[in-house]
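# What the coordinates show
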Number of protein chains: 2
Amino acid sequence: MPYSDTVTIAVDAMGGDHAPDVVLEGVAAALKQDESISVLLTGPEEVVVPFAQAHDRCVAQPASEVIGMAEHPAQAVRKKKDSSIVVGCRAVKEGRAQGFFSAGSTGACLAAATLVIGRIKGVQRPALCSVIPSPIAPVVMADIGANADCKPEYLVQFARMASIYAEKIVGKRNPRVALLNIGEEDTKGSQFAQQTFSLMKEGVEGFAGNAEGNDIIAAKFDVVVTDGFTGNVVLKTVEGTAKGLFSALKETLNSSLKTKMGAVLVKNELKTLKDSINADAYGGAPLLGVNGVCLVGHGSSNAEAIKNGVLASADMVRKDIAGSIAEAVGK
Amino acid sequence: MPYSDTVTIAVDAMGGDHAPDVVLEGVAAALKQDESISVLLTGPEEVVVPFAQAHDRCVAQPASEVIGMAEHPAQAVRKKKDSSIVVGCRAVKEGRAQGFFSAGSTGACLAAATLVIGRIKGVQRPALCSVIPSPIAPVVMADIGANADCKPEYLVQFARMASIYAEKIVGKRNPRVALLNIGEEDTKGSQFAQQTFSLMKEGVEGFAGNAEGNDIIAAKFDVVVTDGFTGNVVLKTVEGTAKGLFSALKETLNSSLKTKMGAVLVKNELKTLKDSINADAYGGAPLLGVNGVCLVGHGSSNAEAIKNGVLASADMVRKDIAGSIAEAVGK
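These lines cover the structure that appears in this document, whether it is placed above or below. Because the structure is predicted, anything quoted here is derived from the model rather than measured. (Residues numbered from 1 in each chain as written. Chains lettered and ligands numbered in written order. Predicted model: local features only at pLDDT ≥ 70, side-chain atom pairs only at ≥ 80, totals over all residues. Heavy atoms only, no water.)

Residues and elements named next belong to chain B. In this model helix α11 (residues 303–318) runs 23 Å from its N-terminal to its C-terminal C-alpha over 16 residues, within 8% of the 22 Å that 1.5 Å per residue would give. In terms of residue burial, α11 counts as a mostly covered element, since 13 of its 16 residues are buried. A positive phi of about 50 degrees marks Asp320, the residue just after α11. (Helix = DSSP H or I, 4+ residues; strand = E, 2+ residues; numbered from the N terminus. Expected span 1.5 Å × (residues − 1). Buried < 20%, exposed > 50% of the residue type's maximum accessible area, 1.4 Å probe, protein only.)

Right, here's the structure in full:
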């Protein structure tokens, strides 16, 4: 059931490379921009209490521990029960918040969300989902790293969950769903891909066949489904390739007086292009299939990205993504 | 033993989207540029005989059949024994040529090379290898699609074979080899990746750990090894992302009078950048592990790319890549 009144998002004050300052700045901006959200801020008492006192609709939820980026996710979640991530997820589990947002360790967020919030009944494996930055149109991809080892039937659920996200959050009507594979034809691919293809053909609404690597950025499909190993490699490859090309472009434009003059004339438009392939607009990667909203932001998030993450989490709560997934999986 | 005298390359006159015209043009250019190569041209009599008559160091090898891009590779190779691809591979098998080059169906070339030329003794699976276009430095990747399903031990051999190619053809000294994975740490990844990591750590000279998707274009390693499914997806993702960004860039530069003026000033330099990430300079993707040279060009190859392919095939023969692989695998 969608929420019509105030939505509470638990926010990990200690998540991200520039925490807590940038997180606090982003939370303040989110609270200011959307007056129908409130924030449950988790983190060290000396960080969260003064901030909550100074801001309306913000409640401090002290957490004495922090999970670092380099820690083993599942072990850290089990050991550090009073960490900002685990405390945030517990708030969702106990209904004190409807969503959780962190720009901290992705692995720890996945582990905490799965262990503490728990899966939606019928979901075999939650999937980490992301909007791939394409200059043509946003493309939703899952799994991008929650499940390095998958069974074909998991991908059928990934497809259903990612379709709901694509439709309700990214605004795709009747999303076209594809399986990432190494050829267009039905019979192509590894044994895993072939088995998955058969299952998806039968069980996924909007299934439109195989996507190849070059079809992703070309936005030939709205949703591209794959196992978490391939998805993680592909997402990082897209980001790395875009970053590498923009940095080579910058160097090229700086290479002579003539190119520098040219650069002045195209500067604003290049900035627009660069922004158009910035996935931060969607606030982070949602973990779909857990019993509540869990959104993970980039570690490098700035205040703007944190603000987007908090607002996007509230959007997912209001649009009842978890409820739609429960319904779709129950079918 | 490297060749010091004339090298004969069997060339598929019917390979590629613009065959045979573009192939003939490329072959003529290769014969002109390198006087110590000769070409055994396979294809329909009416195509290859007149061309051979008109060109020194070119011998016609009529082949009455052609394998199309859409045909099932292994079936087509078995059925069409008088196709230009099979006839070309047979010439290598029988020692009438030392290398085979085609811009035709990759699958058919792989099947024909494996079935007709045969594997080097000790090689479990030949690997398709490619130079990934990076603006920073060329990166060698294997497998990019010959083996959709792999065992961890295959990748150890892929690493050894790709290292030899990287050293002798791409000019990397003591190549740094990485396993494509979803995290830097030794214990990351799927079960397959973890098992492969252990084997590579023990058995691959120059092994430098895990590479993530974004490390490829950053040229953090000289050789990146993965299974043929992931490699094929990644290569196409890099190509698709680069293509998508350049086309968005072109549109951006054409968007107003001001940007058009800017574009004029940076045009040449952008062309240089675009060329720098053009992998065609290496002439195509070598199938490493077969008992002779087999190089597969892009279907969209122009005459320049065909010429590069023929010259690169001869280079691989002269540098005795197959002999080095036989030695490395025998270790």
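Continuing now.
Attention shifts here to the pattern of salt bridges. Residue and element names in this part refer to chain A. Across all of its chains, the model carries 22 salt bridges over all chains by this definition. A salt bridge links Glu71 to Lys80; its shortest N-O distance comes to 2.7 Å. Linked through salt bridges whose partners overlap, the residues forming this network are Glu184, Asp215 and Lys220. (Salt bridge = Lys/Arg side-chain N within 4 Å of Asp/Glu carboxyl O.)

The next thing to look at is the sheet that holds strand β4 (residues 99–102) of chain B. All names here are of chain B. Read across the sheet, 11 strands follow the order β3-β2-β1-β4-β11-β10-β5-β6-β9-β7-β8 without closing on themselves; strand pairing throughout is mixed. The strands lining the two open edges of the sheet, one partner per strand, are β3 (58–62) and β8 (207–211). Along the sheet, successive strands turn relative to each other by an average axial angle of 25 degrees, direction set aside. Of the strand pairs in this sheet, strand β10 (residues 285–288) and strand β11 (residues 293–296) are connected by two bridges, and their pairing is antiparallel. Each residue of the ladder has a partner; that of Pro286, found in β11, is Leu295. Set on the sheet, helix α1 (residues 21–33) makes contact with β1 (7–12), β2 (37–43) and β3; between it and β2 the angle comes to about 165 degrees. (Pairing = 2+ DSSP bridges. Axes fitted to C-alpha atoms, helices over the stretch in contact; angles between N-to-C directions. Contact = heavy atoms within 4.5 Å.)

Here we take up the pairing of strand β5 (residues 127–132) of chain B. All names here are of chain B. Burial analysis of β5 places six of its six residues in the buried class, which makes it a mostly covered element. Alternating positions in β5 separate into two faces, Ala127, Cys129 and Val131 on one and Leu128, Ser130 and Ile132 on the other, with burial throughout. For β5 and β10, the ladder comprises two bridges, and the chain directions are antiparallel. Across the sheet, Leu128 pairs through a bridge with Leu287, a residue of β10. The sheet contact formed by β5 and strand β6 (residues 139–142) spans four bridges and is antiparallel. Across the sheet, residue Ser130 finds its bridge partner in β6, namely Met141. Following β5, the chain reverses through six residues before pairing antiparallel with β6.

On the side of chain B, 47 residues touch chain A, which itself brings 47 residues to the contact. Counting each side, the surface lost to burial between chain A and chain B is near 4100 Å², with a carbon and sulfur contribution of 75%. Linking chain A with chain B are two salt bridges. Residues Glu212 of chain A and Lys236 of chain B are paired through a salt bridge, measuring 2.3 Å at the closest nitrogen-oxygen approach. At the junction of chain A and chain B, the tally comes to eight residue pairs in polar contact (both at pLDDT 80 or more). Where the side of chain A that touches chain B is concerned, the elements lending two or more residues are α7 (191–203), α8 (213–217), α9 (228–253) and α10 (257–276) of chain A. Residue contributions to the side of chain A that touches chain B peak at 18 residues, all from α9 of chain A. Tallied by class, residues from the side of chain A that touches chain B come to 24 nonpolar, 18 polar and five charged. (Buried area = accessible area lost by both parts, 1.4 Å probe. Polar contact = N/O pair within 3.5 Å; in protein donor to acceptor, adjacent residues only side chain to side chain. Nonpolar A, V, L, I, M, F, W, Y, C, P; charged D, E, K, R; others polar.)

Another point: the side chain of Ser301 of chain A. Residues and elements named next belong to chain A. Here Ser301 lies in the loop between β11 (293–296) and α11 (303–318). Looking at Ser301, its side chain comes within polar contact range of the main-chain oxygen of His298, at 2.6 Å. With residues near it in sequence (within four places) discarded, Ser301 still touches His18, Val22, Ala103 and Ile306.

All names here are of chain A. Spatial strand order, β3-β2-β1-β4-β11-β10-β5-β6-β9-β7-β8: 11 strands in an open sheet with mixed pairing. The outermost strands of the open sheet, each flanked by one partner alone, are β3 (58–62) and β8 (207–211). The average angle at which neighbouring strand axes cross in this sheet is 25 degrees, direction not considered. Sheet topology places strand β6 (residues 139–142) next to strand β9 (residues 223–225); three bridges connect them, and they run parallel. Pairing of Val140 across the sheet is with Val223, part of β9.

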